[in-house]
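# Fold and geometry: a report
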Amino acid sequence: MITRFEVDGFKSLRDFAVDLEPLTVFVGPNGAGKSNLLEAMALLGRLASMPVEEAFKKGRGRVLDQFSRFGGETSRTIRFTVEVSLGTPIPAFEDGAPSLPTRYRYELTIERRARDSGIEELAIKDESLRVKADGDDAAEGALVLWQARQVGPHRLLSVLPNTGEGAEQWFHFPFFTTLFPHYNRAQSRGWHAVIGAIARGFDSFRFLHLDAARLREPSEKISSGILAPDASNLAAILADLPAPALGAIRADLASLVPGLSGFDVVPEGDALRLDFKLSGGEHLPARLASDGTLRALALLTVLTVEPHPSVLGIEEPENGIYPGRLRRLLSILRDTSASDNKSQILLTTHSPVVVAAFRDQPQMLRVVDVVVRDGKRETRARPVGKPKKPSDSAFVASLREVDMLLHAADAEAAE
């Protein structure tokens with residue numbers, strides 16, 4: 001699980017930091033930077049298995065658009081810092097030795113470098129993984145597992161002797177999953193197992209940008225088994241699920257959508273389409289289904305398909321969902337995040353209904369807004385609690401402030 005995420009230099013995220021729960025709800029108005037946060041995490045996930053340039057090109061906008069811009073200037077670097085908890089201890093190399101620590105801190109800085117021709121390239125300025133030490137000076141004195149930097153098209157990797165590995169070695173991209181290519185990834189002991197667990201966790205980040213228009217279209221019968229970010233392969237994913245899993249999804253969908261009793265996956269030439277069943281016995285093809293029905297089915301599916309993503313980001317789950325049923329969907333998401341071996345879930349919202357559903361657990365809420373610091377507009381995220389004094393409002397948001405912010409957003413939308 002990711003316990004803390006920091007990023008500096010990505011779009012509106014400048015010196016941005018947020019602590020995360022198994023389920024975290026980012027609430028704020030449009031344009032505050034909620035989507036930028038999920039995009040930054042998606043980029044980090046792609047960097048676990050792709051060359052740097054390819055990972056950036058799969059993001060929203062051009063490569064340079066992903067670097068922060070202030071006063072006409074574009075940032076030269078993007079820095080990530082991620083603190084993770086593995087949950088399950090990993091055995092040490094030697095039998096009988098204490099298990100290895102479960103908390104780690106990963107740091108990565110991507111830099112734009114200019115060539116003599118004036119063309120720029122993306123390079124790794126710094127990279128490291130260390131054991132997470134306790135206290136405010138967590139980065140000081142902690143055991144470092146590796147440090148790396150890019151030299152030309154390669155990375156020079158320095159592995160400290162006290163990890164039991166070599167000294168300096170050269171590696172090609174992608175960088176995270178190929179740090180120690182001579183190791184058997186199934187091996188379950190030692191520092192290489194720690195690195196493998198963290199790498200696989202980053203590589204399994206999933207972020208949904210559901211597109212109802214794509215959900216209405218038939219999907220190809222060829223599928224990787226992973227739901228696409230826009231869920232365009234939903235029918236194929238469902239067709240491949242075992243009967244018990246399909247039955248559970250049907251039951252949950254019926255509890256979310258009034259008048260719906262289930263659905264079927266129907267062959268259509270060399271493709272597959274969805275066909276919904278109404279309580280009265282009628283059939284409703286996907287092309288006529290509501291946005292909310294299609295989105296709800298996609299969300300229930302991604303929560304069911306195995307292997308589960310380590311982190312699942314969902315933008316505005318309330319879209320198209322009947323408010324009276326939205327609480328039921330949020331309850332499913334909350335139960336999923338609390339289950340062992342399931343996904344850590346990150347939600348973005350500007351819905352008062354969603355916030356109201358988490359009033360009894362305000363520790364799950366983060367208020368996202370835009371502030372001006374050093375003359376520059378930037379995104380911040382604050383936990384929700386009770387500020388002890390007025391000056392604490394810069395670091396902690398009250399539930400009253402959340403209500404005021406959401407009602408202001410509703411008023412603007414109504415104008």
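This text follows the structure it describes.
One structure accompanies this document, and this report is about it. Every value quoted in this text rests on a predicted model; they were computed, and no experiment measured them.

Between helix α6 (residues 243-256) and helix α8 (residues 323-338), whose axes approach to 8 Å, the crossing angle comes to 145°. Along its contact with α6, which presents Asp-252, Ser-255 and Leu-256, the element α8 presents Arg-325, Arg-328, Leu-329 and Ile-332. Grouping the constituent residues of the contact of α6 with α8 by class yields three nonpolar, one polar and three charged.

Moving on, we come to the sheet that holds strand β20 (residues 376-383). The strand order across the open sheet built from six strands is β12-β17-β18-β3-β19-β20, with neighbouring strands paired in mixed fashion. Each edge of the open sheet is held by one strand with a lone partner, namely β12 (206-208) and β20. Going across the sheet, the axis of each strand differs from the next one's by a mean of 20°, ignoring polarity. Alignment of strand β3 (residues 23-27) against strand β19 (residues 365-373), held across three bridges, turns out to be parallel. When the bridges of β19 are listed, Phe-26 appears paired with Arg-366. Sitting on the sheet, helix α1 (residues 34-47) touches β3, β12, β17 (311-315), β18 (344-349) and β19, and the angle it makes with β18 is about 150°. Sitting on the sheet, α8 is in contact with β3, β17 and β18, with an inclination near 150° to β18.

Counting residues in each nonpolar core, the largest one holds 57 residues, and the members touching the most others are Leu-238, Leu-253, Phe-263, Leu-274, Phe-276, Leu-297 and Phe-358. In terms of residue count, the dominant contributor to this core is helix α7 (residues 291-304) (eight residues). Aside from chain neighbours lying at most four places away, what touches Leu-253 is Leu-260, Phe-263, Phe-276, Thr-293, Ala-296, Leu-297 and Leu-300. Listed in part, the 51 residues of the second largest apolar core include Ala-40, Phe-56, Tyr-106 and Phe-202.

Moving on, we come to the side chain of Thr-336. With respect to the helices and strands, the residue Thr-336 is situated in helix α8. The contact partners of Thr-336, leaving out residues within four places of it in the chain, are Leu-303, Lys-342, Ser-343 and Ile-345.

Let us now look at the pairing of strand β8 (residues 120-131). Pairing of strand β7 (residues 103-114) with β8 involves eleven bridges; the strand directions are antiparallel. By the bridge assignment, Arg-113 is partnered in β8 with Glu-121. Here β7 hands over to β8 after five residues, with Gly-118 in that stretch at a positive phi of 100°.

This next bit is on unusual backbone geometry. In this model, Glu-306 is joined to Pro-307 through a cis peptide bond whose omega is 0°. If you trace the backbone, Pro-307 turns up in the loop between α7 and β17. In this model, Lys-11 sits at a positive phi of 50°, which is unusual for a non-glycine residue. Mapped onto the fold, Lys-11 is located in the loop between β1 (2-8) and β2 (16-19). Assessed through its relative accessible area of 18%, Lys-11 is described here as buried. Look at Asp-374: it is not a glycine, yet its phi comes out positive at around 55°. The class of Asp-374 is exposed, set by a relative accessible area of 63%.

What counts, and where the lines are drawn
Residues numbered from 1 in each chain as written. Predicted model: local features only at pLDDT ≥ 70, side-chain atom pairs only at ≥ 80, totals over all residues. Heavy atoms only, no water. Axes fitted to C-alpha atoms, helices over the stretch in contact; angles between N-to-C directions. Helix = DSSP H or I, 4+ residues; strand = E, 2+ residues; numbered from the N terminus. Contact = heavy atoms within 4.5 Å. Nonpolar A, V, L, I, M, F, W, Y, C, P; charged D, E, K, R; others polar. Pairing = 2+ DSSP bridges. Core = buried A, V, L, I, M, F, W, Y, C linked by side-chain atoms within 4.5 Å. Buried < 20%, exposed > 50% of the residue type's maximum accessible area, 1.4 Å probe, protein only.

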